[in-house]
Amino acid sequence: MADIPDDLTDVGVHHGNQPPPDTGQTVRSPTGPDPDATEAQPSPALFQLVRADAENRLTVHVHSARAEVSAPEAGTEVGRYRTVDALRDALDGEDVEGWAAVFEDVEADRVLVETTGTAQHAWIGKPRYSTITFFETPEAATAFADAHERPTPDR
């Protein structure tokens, strides 16, 4: 017994319980993430999509990613989305193609009217635009922007 360390005695017997030879279970380790997949990215914001009850318009409210958001006071909540792609898919599902959009620019303290909005518009999902409202007609969007407290750029 030359392989016993010097600080252990070579006299004695293990008196503990011996493990059962067969447990009858197959144990497998869980499958890990795909090593070729891209890393998870933190959510840039929480997007809340609300449909107005009185008129046919949709509003996207952009909140901080960690915000606790309650149900809207006016309108019906369509959904809450943590990614821009999920928001775009929801807007596609609401068929906003060709609707006019009013973007509230908080950095410049103004509103911008885009007469031919789409769910794929480059400004959607940018934190700079805290609220985006879609209208069926450009006239309704322009009237909303004109009545808004913030200035609108010259058209």
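Look a little higher up for the structure.
Residues numbered from 1 in each chain as written. Predicted model: local features only at pLDDT ≥ 70, side-chain atom pairs only at ≥ 80, totals over all residues. Heavy atoms only, no water.

Visitor: Could you clarify how one ought to interpret the overall build of the protein in this entry?
Guide: Across its full length, the protein holds two helices and six strands. Reading the protein from its N end, one meets helices and strands in the order β-β-β-α-β-β-β-α. Looking at the protein as a whole, 27% of its 155 residues are labelled buried. By sequence separation, contacts in the protein at least 24 residues apart represent 56% of the contacts at least 6 residues apart. (Helix = DSSP H or I, 4+ residues; strand = E, 2+ residues; numbered from the N terminus. Buried < 20%, exposed > 50% of the residue type's maximum accessible area, 1.4 Å probe, protein only. Contact = heavy atoms within 4.5 Å.)

Visitor: What exactly am I supposed to notice about the sheet that holds strand 2 (residues 57-63) here?
Guide: The pairing of strands in a sheet happens through backbone hydrogen bonds and is either parallel or antiparallel. The six strands lie next to each other as 3-1-2-6-4-5, forming an open sheet whose pairing is antiparallel. Edge positions in the sheet fall to strand 3 (76-81) and strand 5 (110-114), since each has one partner strand and no second. With direction set aside, neighbouring strand axes in the sheet form an average angle of 20 degrees. Summarising the sheet, strand 2 and strand 6 (residues 129-135) pair through five bridges and their orientation is antiparallel. Bridge pairing links R57 to F135 in strand 6. The strands that helix 1 (residues 84-93) touches are strand 1 (46-51), strand 2, strand 3 and strand 6; relative to strand 1, the one it contacts most, it runs at about 15 degrees. Helix 2 (residues 138-147) contacts strand 2, strand 4 (100-105), strand 5 and strand 6 of the sheet and is inclined by roughly 20 degrees relative to strand 4. (Pairing = 2+ DSSP bridges. Axes fitted to C-alpha atoms, helices over the stretch in contact; angles between N-to-C directions.)

Visitor: When you look at helix 1 in this model, what are you seeing that I'm missing?
Guide: For helix 1, the complete set of buried residues consists of V84, L87, R88, A90 and L91. Down the axis, helix 1 shows its buried residues gathered within 160 degrees of arc, on one side only. Among the exposed residues of helix 1, those oriented more than 90 degrees off its buried face are D85, D89 and G93. In this fold, the buried residues of helix 1 make contact with strand 1, strand 2, strand 3 and strand 6. (Arc of directions from axis to C-beta.)

Visitor: Looking at this model, I keep getting lost on the packing of aromatic side chains. Mind explaining?
Guide: Remark: the centre distance and the inter-plane angle together describe each pair of aromatic rings, the angle taken between the planes. Tallied over the entire structure, the rule returns four aromatic pairs. Centroid distance W123 to Y129: 5.3 Å. Interplanar angle 25 degrees. Geometry classified as stacked. Relative accessible area serves as the criterion here: at 6%, Y129 is assigned to the buried category. Following the ring pairs from residue to residue traces out a cluster consisting of F103, W123 and Y129. (Phe/Tyr/Trp six-rings, centres within 6.5 Å; stacked < 30°, edge-to-face > 60°.)

Visitor: How should I be thinking about the environment of G98 in this particular structure?
Guide: Within the secondary structure layout, G98 lies in the loop between helix 1 and strand 4. Spatially, the C-alpha atoms of G98 and T118 are 6.1 Å apart, while their sequence positions differ by 20 residues. When near neighbours in sequence (up to four residues on either side) are disregarded, G98 contacts T115 and G117.

Visitor: What is the right way to read a negative patch on the surface from this model?
Guide: Residues D85, D89, D92, D95 and E97 make up a contiguous surface patch of negative charge. By the secondary structure assignment, E97 is in the loop between helix 1 and strand 4. The class for E97 is exposed, based on a relative accessible area of 53%. (Patch = residues over 30% accessible without salt bridge, like charges linked within 9 Å, V, L, I, M, F, W, Y side chains within 5 Å. Areas by Shrake-Rupley, 256 points an atom, 1.4 Å probe, with all protein chains shown as cover. Salt bridge = Lys/Arg side-chain N within 4 Å of Asp/Glu carboxyl O. Lys, Arg positive; Asp, Glu negative; His and termini not counted. Charge placed at Lys NZ, Arg CZ, Asp CG, Glu CD.)

Visitor: Would you mind going over unusual backbone geometry with me for this structure?
Guide: Trans peptide bonds make up the majority, and among non-glycine residues the majority have a negative phi. Positioned with a positive phi, D95 is a non-glycine residue whose angle comes to about 55 degrees. If you trace the backbone, D95 turns up in the loop between helix 1 and strand 4. Taking relative accessible area as the criterion, D95 reaches 51% and is therefore assigned exposed. One non-glycine residue, D109, lies in positive phi territory at about 55 degrees. One can find D109 in the loop between strand 4 and strand 5.

By themselves these figures say nothing about function.
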